[in-house]
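# A look at the structure
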Amino acid sequence: MTQEVHVVVPTPAHSSLAGALSYRSELPLTPGALVRVPLGKREVCGVVWEAPPADAAQSLAADQLKSIGEPLLGLPPLSAAWRELVAFAAGYYQRSLGEVALAALPPQLRALDATQLARRLKRAAAAPQPAAGVARPELTPDQAAALDAIASEAGPFLVFGATGSGKTEVYLRAVEALLQRDPQAQAMVLVPEINLTPQLQARFEDRFGAGAVAPLHSGMTNPQRLRSWMAAHLGQARIVLGTRMAVFASLPRLGLVVVDEEHDPSYKQQEGARYSARDLAVYRGRLEGAKVILGSATPSLESWQACDRGRYRCLEMPTRIGAGDLPRVRLVNMQNQPKGTLFAPPLLAAIGERVARGEQSLVFLNRRGYAPVLACGACDWRSECSHCSAYRVFHKIDRTLRCHHCGFTERVPRACPQCGNVDIAPLGRGTERLEEQLAELLADARRPDGTPARLVRIDADSTRAKGALEEQLAQVHAGEVDVLVGTQMVTKGHDFRGITLVAAVNPDSALYSSDFRAPERLFSLLMQAAGRAGRDAAQSGRSEMWVQTWNPEHPLFAALKKHDFPAFAQQQLKERQQAAMPPFAFQALLRAEARTQEIAQEFLRQAAQGAQGLPGDGHVVVYSPVPMTVQRVANVERAQLLLESGSRPALQAFLAAWQPVLHGLRMRGLIRWAVDVDPLAI
Ligand SMILES: [Zn+2]
Ligand SMILES: [Zn+2]
């Protein structure tokens, strides 16, 4: 019997076609089933959905409907909870349902026909079943108390644990308890960075057996992603471990959600549907009745406030296991140093002493390349990017000028392109120059065996080749490196046994940033870096963190000296409350990209005009359009409009009502626009 089915399909990001399309089917199809359907001239993969509310349905007579193509039978339908998660994300982040639903599926699955799918399913059925795992350490009192609370209370939980306090063991035991209770249950574990998945995956596989863990991240090939996705969807994998995309994994028996380093900005997607995987994970846990555990040594102020208000349960784990106290923090007042000082003499001496004792140091700076700009001494020429409103960075290693925004790369000119002067010189410094200058300054330092100090640099440039990061980290772990120079990349997650000194050479810029979240990020970065000081340092009892600053009196540094996150959070929350900033208010951005800045701003102005009288209007402040901080990228002009409200529901109602207005605006020269709800950078 012919029937009408509703199918969500990948519609263009800004099409007003938000819901499902109707098709004709000879077979009964349940919501959540995958089908191939005609869309325009193409055939695409779609997901069968519940019937939309009557008024939203495109009412065509059944005989006018197109027939569905091939249904992908054999694959169990996506669950109602999964569909609800997708529908919520699409609504909340102001994107089309089809875009979010299809982007949440692995690319290869969307391209399969029924025969190819049947072959994959057969292979999946033959996959080895999880083997029993081994290797449990004894719990510390902190860990045991946290696990007791997790077992007996509802949560969500925020594990506020110092670096080295053993948060991962808490996650492992919580998963173990779940799997013992329900032999079919599944867990989802999210980490912020691909780099952090291999070590965590190894720990989970040791504990639960290799077949039990399905990784999901963008570093995998499409066939690998499909295999992991299938294993989770078919209930074979017990644990999905991945980056933010894994929040949409299909887990029919989800019982536990873990978000490690929950404060990390990488959980926010920066294009398409700009979702926060951390926030969606919490929502999903509630939706599916799964327990939620967030973990961090420096929680986001949003989560910290949720604990204050009793919405989350805070589980403190202050004790570092076998790693002793956190390093002693030493602030160097750069106002007292001669002009142009790169490394204050006492810091240099401290690094030299480490080299002499055979210990390791970590020096970090948040800017890669050799120098942020190349300048002419005779005229006002600077190495600007011709496509962006930004300077191109000087990379001495291959003598190039590279734009870190659009990628435009050129050889360094022999002379100033403007006046012909040959004396063009780098201004400021990046990690490359830092490594070079530190090597010069440490030229006389000797290791215990009389050989010179060995330096290595780890940043996005040095690790571009596949496997390069692992190789460099292995060198550090093997003790083949005395001084490690890097960007914040090296401050995340890695446990360096031999490092006894950590130095931040120039962290001050965050104190002057126009972004109100900059101090929060800096504090978390410095705390994280401090946590890199390893176990050997604890044994020698002399681990130190050095911070060179022009603002030693800043309250951020006072809290850092005491490793006092609660004091820092309290001070920041007070400031945010007084200024009515998140988490005490809710924000959204409308961003526009256009051929000229005038067009971008005109679009935003008209959008603001069109917003008058919308539901929630009286509770939403619409600010004036402004150019973005980096105004032009790859010849595209960018501007944004900030919206703010004390009420999340009011802002949501406003944004939903605004969508048709935005879609209705047409403007010559406008390239694209997007709404970013709960933006992390403004
Ligand atoms: Zn010049
Ligand atoms: Zn550029």
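Residues numbered from 1 in each chain as written. Chains lettered and ligands numbered in written order. Predicted model: local features only at pLDDT ≥ 70, side-chain atom pairs only at ≥ 80, totals over all residues. Heavy atoms only, no water.

## Notes on the sheet that holds strand β17 (residues 409-411)
Short version of the rule: Between any two strands, at least two bridges found by DSSP are needed for them to pair. Think of it this way: any DSSP run of H or I at least four residues long counts as a helix, any run of E at least two long counts as a strand, and we number them from the N terminus. Only the stretch in contact is used when a helix axis is fitted, and all axes are lines through C-alpha atoms; the angle between N-to-C directions ranges over 0 to 180 degrees.
Spatial ordering of the open sheet is given by β15-β16-β17, a layout of three strands whose pairing is antiparallel. Looking along the sheet, the strands with just one partner apiece sit at the ends: β15 (393-395) and β17. Ignoring strand direction, the axes of neighbouring strands in this sheet form an average angle of 25 degrees. Relative to strand β16 (residues 400-402), β15 runs antiparallel, the two sharing three bridges.

## Focus on the pattern of salt bridges
The test is simple: Any carboxyl oxygen of Asp or Glu that lies within 4 Å of a side-chain nitrogen of Lys or Arg is treated as forming a salt bridge with it. Relative accessible area decides the class of each residue, using a 1.4 Å probe on protein chains only: under 20% of the type maximum gives buried, over 50% gives exposed, and in between gives partly exposed.
Tallied over the entire structure, the rule returns 36 salt bridges. For Glu-288, the salt bridge is made with Arg-284, and the minimal N-O distance between the two is 2.9 Å. With a gap of four residues between them, Glu-288 and Arg-284 both fall in helix α9 (residues 277-288), about one helical turn apart. Both residues of the pair, Glu-288 and Arg-284, belong to the buried class. The partner of Glu-359 in a salt bridge is Arg-357, and the shortest N-O contact between them spans 3.2 Å.

## Description of the coordination of the zinc ion (ligand 2)
Rules: Each metal's donors comprise the N, O and S atoms found within 2.8 Å of it (within 3.2 Å for Na, K or Ca). Water is not part of the atom list, so some coordination spheres may appear incomplete. By the criteria applied here, four donors are tetrahedral when all angles lie between 85 and 135 degrees, four are square planar and six octahedral when opposite donors are over 155 degrees apart and every other angle lies between 65 and 115, and any other arrangement is irregular.
Taken together, the protein ligands of the zinc ion (ligand 2) are Cys-385 (SG), Cys-388 (SG), Cys-403 (SG) and Cys-406 (SG), with distances of 2.2 to 2.4 Å. Seen from the zinc ion (ligand 2), its four donor atoms lie at angles of 106 to 113 degrees, and the figure they make is tetrahedral. For the zinc ion (ligand 2), the donor residues sit on a single chain with the sequence spacing C-x2-C-x14-C-x2-C. Of the two residues, Cys-388 sits in the loop between β14 (373-376) and β15 while Cys-403 sits in the loop between β16 and β17, which places them 15 residues apart along the sequence. Accessibility assignment for this pair places Cys-388 and Cys-403 in one class, buried.

## What about the coordination of the zinc ion (ligand 1)?
Ligation of the zinc ion (ligand 1) by protein atoms is provided by Cys-376 (SG), Cys-379 (SG), Cys-416 (SG) and Cys-419 (SG), these donors lying 2.2 to 2.4 Å from the ion. Because the angles between the four donor atoms bound to the zinc ion (ligand 1) fall within 106 to 113 degrees, the donor set is best described as tetrahedral. Along the chain, the residues donating to the zinc ion (ligand 1) fall in the pattern C-x2-C-x36-C-x2-C. The buried category is assigned to Cys-416, whose relative accessible area is 4%. Residue class for Cys-419 comes out partly exposed when judged on its relative accessible area of 41%.

## A word on unusual backbone geometry
The residue after Gly-155, namely Pro-156, is reached through a cis peptide bond having omega -5 degrees. One non-glycine residue, His-563, lies in the positive phi region at around 50 degrees. Following the sequence through the fold, His-563 ends up in the loop between α16 (555-561) and α17 (565-578). Residue classification places His-563 among the buried positions, given a relative accessible area of 19%. Positive phi, close to 50 degrees, is recorded for Ala-634, a residue that is not glycine.

## Focus: the pairing of strand β13 (residues 360-364)
Where burial is concerned, most of β13 is hidden: five out of the five residues are buried. Covered by surrounding structure in β13 are Gln-360, Leu-362 and Phe-364 together with Ser-361 and Val-363, the residues of both alternating faces. By the bridge criterion, five bridges tie β13 to strand β21 (residues 499-504) in an arrangement that is parallel. Each residue of the ladder has a partner; that of Ser-361, found in β21, is Leu-501. Relative to strand β20 (residues 483-486), β13 is paired through four bridges, and the arrangement is parallel. By the bridge assignment, Leu-362 is partnered in β20 with Leu-484.

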